Amino acid sequence: MKNQELIDYLESCGVCRVCQLRYLKARGTEYRDMQKTFQRLDVKVPADGIKDEPADEQPTKKPRLDICSTCLGLFSEDFQQQLIDGILHSDFAKYDSAGIVLAFSLPMALQLRQLSMWFALQRKFGAAVDNNFAPDVSIKEAVKLILHPIVCTQLDKEYDANGLMINIELRHSTEEVDVAKLVELNKAAFPAKAAHQKRIEISRGLLEKQYQPARLKAELFEKFLPIPPAPVTDPLELQSIDLLGPLVCVAGRYRKLSRELSHTPWVLDGKRIMEDSIEEIIIRNVGGHFSETPEKITFMSSGREDVDVRCLGKGRPFVLEIQNARCGSLTQAQALAMEQAVDATGTVSIHNLQVVPREELTHIKTGEEQKRKYYRALCVLEQPATLDILQKLQISESFDIQQKTPIRVLHRRPLHTRPRTIFEVKARVQRENPRLLVIDVVSQAGTYIKELVHGEFGRTAPSIASIIGQPIDILALDVVGIDLDWPADVNNAAAVE
Ligand SMILES: [Zn+2]
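Residues numbered from 1 in each chain as written. Predicted model: local features only at pLDDT ≥ 70, side-chain atom pairs only at ≥ 80, totals over all residues. Heavy atoms only, no water.

Caption draft 1: Fine view of the overall build of the protein chain. Scanning the protein chain for helices and strands turns up 17 helices and 17 strands. The C-alpha radius of gyration of the protein chain comes to 34 Å, more than 25% above the 23 Å expected for a compact globule of 497 residues. Oriented by its inertia axes, the alpha-carbon framework of the protein chain measures out at about 110 × 60 × 45 Å. Among the 497 residues that make up the protein chain, the fraction classed as buried is 47%. Sequence-distant contacts in the protein chain: of pairs separated by 6 or more residues, those separated by 24 or more amount to 77%. (Helix = DSSP H or I, 4+ residues; strand = E, 2+ residues; numbered from the N terminus. Rg over C-alpha atoms; globule rule 2.2 N^0.38 Å. Buried < 20%, exposed > 50% of the residue type's maximum accessible area, 1.4 Å probe, protein only. Contact = heavy atoms within 4.5 Å.)

Next comes the structure, spelled out in structure tokens:
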């Protein structure tokens, strides 16, 4: 089979120039300068399909069909223009994303026509056309090679698998008739399978797998659908264009300055217990920039603290996971304005606000148990502190405790006894009141600190109370450090000044 014979035959079947190149197995950039590629492959083509060539130089033998019988016009310039216009008329402008990714949903008619042409080529050229390996570069592949670069150039965007997803659904006027024929064909071709399937679902996957010359006879196919594919009068139509913004992750650290603020919305029996929460404050001040649906933003942090516990020091790392983001970037000036708006609440303060790659979410999602947490507890003794007590509470060697689930959380956590490691304990007396101790504790994440202090009737053992041999209670607790060096330090204020 010579290239020229192949192209002459395809031409007679109403196959467009781009698809002719597909059948010559052209790759990558070979579709850009088509004339050059034809020349290199030693193929003469009538000039009408190629730009900048006089149309009457070499008249075609048969009148050229307007719509390609194999791609249904998918690779025509008309369609490219329609596609670009369609995207520009969608909500495209609302998305501020540097990268895009295209997802085409193609009618099954294209696959049926591909198979029909495969049969036709086998009849024409015999064994030169393989039974198992398709004679063309698939439409799917060609869409990537041809349409993706054109759309990206026209829209001035990078191709990025993590970018704004443009879902393009195409339909063709013959689709319903073709699918009805395919259902009949499927019954005839694969009767055993069809018999115990109540409803025949013919998926694209099935088409790709089963509908090959190696598994289906041309004679049977031809009882339902023509070989070669019939000429068409209608081109493909754009059915819909849907946009899905990328997943954007915004990280930072928060400090919790209030002892009356819950981590997430606290609702009991349908009633709000606390008016606001850390999650809501942060999303309210950060979410709007990225999303039109802030209620769909997910808030995550590296652990959490109780309502009455503050979180000070560098603060606790958090991240917002924003689906279908309208915007993927954040300038330092914008970040600073958000930080200031959160700070103005007086109950939460955030800093280091920044967009992070989604891969970095693992920092927050994994290894939680291995992390160390740093606490400062204000505790009260029944008697003034003694030197003996202070000496017992200078512990620089780690020790293990066994901790039963605290009674106060039993309504939402199962009863277990968990081993936890305490790495360090340091205590000092408050100057104004010798009954008050400030105790710094470094513990494994997940340790219940209140129970570590008073022992909860022996449910936590050993405890600070059992170590000093007398009752001790906790008045206030602060988290002062979290052993997670993420996200990176960024000083938005300094950058803006
Ligand atoms: Zn074509």
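Caption draft 2: Quick look at the pattern of salt bridges. The tally for this structure, following the rule as stated, stands at 25 salt bridges. In this structure, Arg 17 and Glu 11 form a salt bridge, with 2.7 Å as the shortest nitrogen-oxygen distance. No difference in accessibility class separates Arg 17 from Glu 11, as the two residues are buried. Put simply, Arg 310 and Asp 478 hold a salt bridge, and the shortest N to O gap is 2.7 Å. With a gap of 168 residues between them, Arg 310 in strand β9 (residues 309-322) and Asp 478 in strand β17 (residues 472-482) connect regions that are remote in the sequence. (Salt bridge = Lys/Arg side-chain N within 4 Å of Asp/Glu carboxyl O.)

Caption draft 3: Quick look at the sheet that holds strand β4 (residues 237-244). Taken together, the four strands give an open sheet; going across it, the order is β2-β1-β3-β4, and neighbouring strands pair in mixed fashion. Bordering the open sheet on either side are β2 (158-159) and β4, each of which pairs with just one other strand. Sheet analysis places strand β3 (residues 164-171) next to β4, joined by seven bridges and oriented antiparallel. Across the sheet, residue Asn 167 finds its bridge partner in β4, namely Asp 242. Helix α4 (residues 77-89) contacts β1 (99-105), β3 and β4 of the sheet and is inclined by roughly 40° relative to β4. The sheet strands contacting helix α6 (residues 139-155) are β1 and β2, and the helix crosses β1 at an angle near 135°. (Pairing = 2+ DSSP bridges. Axes fitted to C-alpha atoms, helices over the stretch in contact; angles between N-to-C directions.)

Caption draft 4: Molecular detail of the pairing of strand β13 (residues 399-404). Only one face of β13 is covered, namely the face carrying Phe 399, Ile 401 and Gln 403; the face carrying Asp 400, Gln 402 and Lys 404 is uncovered. Here β13 pairs with strand β16 (residues 460-461) via two bridges, running antiparallel. Among the inter-strand pairings, Gln 402 is bridged to a residue of β16, identified as Ala 461.

Caption draft 5: Up close: a nonpolar patch on the surface. On the surface, Ile 407, Leu 410, Leu 415 and Phe 457 cluster together into a nonpolar patch covering about 450 Å² of accessible area. Considering the arrangement of structural elements, one finds Ile 407 in the loop between β13 and β14 (417-429). (Patch = residues over 30% accessible without salt bridge, like charges linked within 9 Å, V, L, I, M, F, W, Y side chains within 5 Å. Areas by Shrake-Rupley, 256 points an atom, 1.4 Å probe, with all protein chains shown as cover.)

Caption draft 6: View of the coordination of the zinc ion. The coordination sphere of the zinc ion, as far as protein atoms go, consists of Cys 16 (SG), Cys 19 (SG), Cys 68 (SG) and Cys 71 (SG), spread over 2.2 to 2.3 Å. Geometry at the zinc ion is tetrahedral, judged from its four donor atoms and the angles of 105 to 118° they form at the metal. Between consecutive donor residues of the zinc ion, the sequence gaps follow C-x2-C-x48-C-x2-C. Linking Cys 16 in the loop between α1 (3-12) and α2 (17-23) with Cys 71 in the loop between α3 (34-40) and α4, this pair joins segments that are 55 residues apart in sequence. In this structure Cys 71 comes out as buried when scored by relative accessible area, which is 1%. (Donors = N, O, S within 2.8 Å, 3.2 Å for Na, K, Ca; no water. Tetrahedral: all angles 85-135°; square planar, octahedral: opposite > 155°, others 65-115°.)

Caption draft 7: Spotlight on the environment of Pro 406. Along the chain, Pro 406 falls in the loop between β13 and β14. Judged by its relative accessible area of 0%, Pro 406 is buried. Leave out the neighbours within four places in its chain, and Pro 406 touches Tyr 448, Glu 451, Glu 456 and Arg 459.

Caption draft 8: Geometry of the confidence of the model for the protein chain. On average, residues of the protein chain carry a pLDDT of 90, and 94% of them reach 70 or more. Within the model, pLDDT remains below 50 along residues 49-57, and this stretch shows 10 contacts once partners closer than five positions in the same chain are excluded. Note on residues 59-65: pLDDT is under 50 here. Beyond four places in sequence and across chains, it has nine contacts. (pLDDT = per-residue confidence, 0-100.)

Caption draft 9: Layout of unusual backbone geometry. For the bond running from Ile 227 to Pro 228, omega is -10°, close enough to zero to count as cis. A positive phi angle, near 45°, is found at Asn 324, a position not held by glycine. Among the structural elements, Asn 324 can be located in the loop between β9 and α12 (332-343). At Glu 456, a residue that is not glycine, the phi angle is positive and equals roughly 45°. Of note, Glu 456 is situated in the loop between α15 (449-454) and β16. Since its relative accessible area comes to 8%, Glu 456 is described here as buried.

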